[in-house]
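Letter by letter, the chains look like this.
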Amino acid sequence: MTAQIDWAGRLAALRGEMAAQGLDGFVVPMADQYQNEYVPAQAKRITWLTGFTGSAGMVVVLKDKAAAFTDGRYTLQIADQVDGALYERLHITEAPPTDWIGDNLPRGGRIGVDSWLFTEAGVARFRTAVEAAGGELIAVNDNPLDAVWQDQPDAPKALVVPHGLAFAGESSHDKRVRLADAMTSDAVVITAPDSIAWLLNIRGGDVDHSPLPLSLAILHKGARAELFLDAEKRGRGLADHLGNEVSTQPADDFAAALDGLAGKKVQLDPGMTASWVFDRLAGAKAEITRAPDPCQLPKAIKNNVELSGARAAHGRDGAALT
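Residues numbered from 1 in each chain as written. Predicted model: local features only at pLDDT ≥ 70, side-chain atom pairs only at ≥ 80, totals over all residues. Heavy atoms only, no water.

(A) Region of interest: the sheet that holds strand S1 (residues 25–29). Sheet architecture is open: six strands sit in the order S4-S3-S2-S1-S5-S6, paired in mixed fashion. The sheet terminates laterally at strand S4 (88–91) and strand S6 (136–139), the two strands that pair on one side only. Here the average twist between neighbouring strands, direction ignored, is 20°. Sheet analysis places strand S5 (residues 110–113) next to S6, joined by four bridges and oriented parallel. Bridging across to S6, Gly-112 finds its partner in Ile-138. (Pairing = 2+ DSSP bridges. Helix = DSSP H or I, 4+ residues; strand = E, 2+ residues; numbered from the N terminus. Axes fitted to C-alpha atoms, helices over the stretch in contact; angles between N-to-C directions.)

(B) Representation of the layout of surface pockets. Counted as a void, the largest pocket has a volume near 870 Å³. Mapped onto the lining of the largest pocket, the elements with two or more residues apiece are helix H11 (254–259) and helix H12 (275–283). Here the residues of the lining of the largest pocket are counted per class, giving 17 nonpolar, seven polar and 10 charged. Computed from the structure, the second largest pocket encloses a volume of approximately 530 Å³. Forming the walls of the second largest pocket are 20 residues, and the residues nearest its centre are Pro-29, Met-30, Ala-31, Gln-35 and Met-58. Take the lining of the second largest pocket: its biggest share by element is three residues, from helix H5 (residues 120–132). (1 Å grid on protein atoms, 1.4 Å probe; cavity = no way out; pocket = protein on both sides within 12 Å on 5 of 7 lines; lining within 4 Å. Points joined across faces, edges and corners; volume = space filled by probe spheres on them. Nonpolar A, V, L, I, M, F, W, Y, C, P; charged D, E, K, R; others polar.)

(C) Spatial organisation of unusual backbone geometry. The phi torsion at His-209 lies on the positive side, around 65°, for a residue other than glycine. Within the secondary structure, His-209 sits in the loop between strand S9 (202–203) and strand S10 (216–220). Even without being glycine, Ala-223 reaches a positive phi, approximately 80°. Classification of Ala-223 as buried rests on a relative accessible area of 4%. (Buried < 20%, exposed > 50% of the residue type's maximum accessible area, 1.4 Å probe, protein only.)

(D) Highlighting empty space enclosed by the protein. Within this structure, the stated rule accounts for one cavity of 30 Å³ or more. If you add up the space inside the largest cavity, you get close to 60 Å³. Around the largest cavity, the lining residues are Val-188, Val-189, Ile-190, Thr-191, Ala-192, Leu-268, Asp-269, Met-272, Thr-273, Pro-292, Asp-293 and Pro-294. When residues of the lining of the largest cavity are assigned to their parent elements, the largest contribution, three residues, is made by strand S8 (residues 187–190).

Right, dumping it as structure tokens:
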């Protein structure tokens, strides 16, 4: 028999940690540090807090009230899974979280966000709403929900493996040279796992149903790249596949690498990169250029090998379905 989960106790624990950090509120998105649509178990904070298992949502917790938001796909699901005695259950576009904060945050209230889980634009929207309500938005150093999630899963450690030329149709070297030749900055920080997978011709298994290698990367002028990936995730043949032009470093070294870009012109995608990265580079006195992820458009234009692979995959999928 499955044990009954104490949802009220989890909410109370979060409020206790918020108080310990001097916060009057905290925003919990369905997001990870890579801004993925689908997130690994470690990042399913809304599910742990409320029981909601949909792929899109947000929760705002204040001292004496809380609200859970999702879109029209999950109207029935959120009503079934989230306790209405603990949370207002709202449509995220009809009653946006920023509006709810404006109506409910006490003047002088301090509301926290984990800037790894929001883009720069996302943080700006909440800051505008909080300040309009007479409050202050705080980028927390330690996520208070993670602090009370006692059995939070570890970060996924699926092996990252080469995606061979027979499937990619273009070498990583050629892709990096092509992008580097078009760069107007000294470096581009890439945090979207699908872009890293395409650029370096690698694949992973950190997220269900998608071969994403959860990692971070920096592409430098001259086509040199840095891949931030813990040693236990490096699959057989990866080092030989990446070659001497791509250095592999522990994920924890990413912050120091950003600091090392001090004084340099660095490109980031404001719609896909965590606000934390912008803050770190600003603190390092880098010159930040906001522009789209340079991998997105060339990744979308499939070469003949990729087209053939897609057709073959559809053939196999259709046969399996039939």
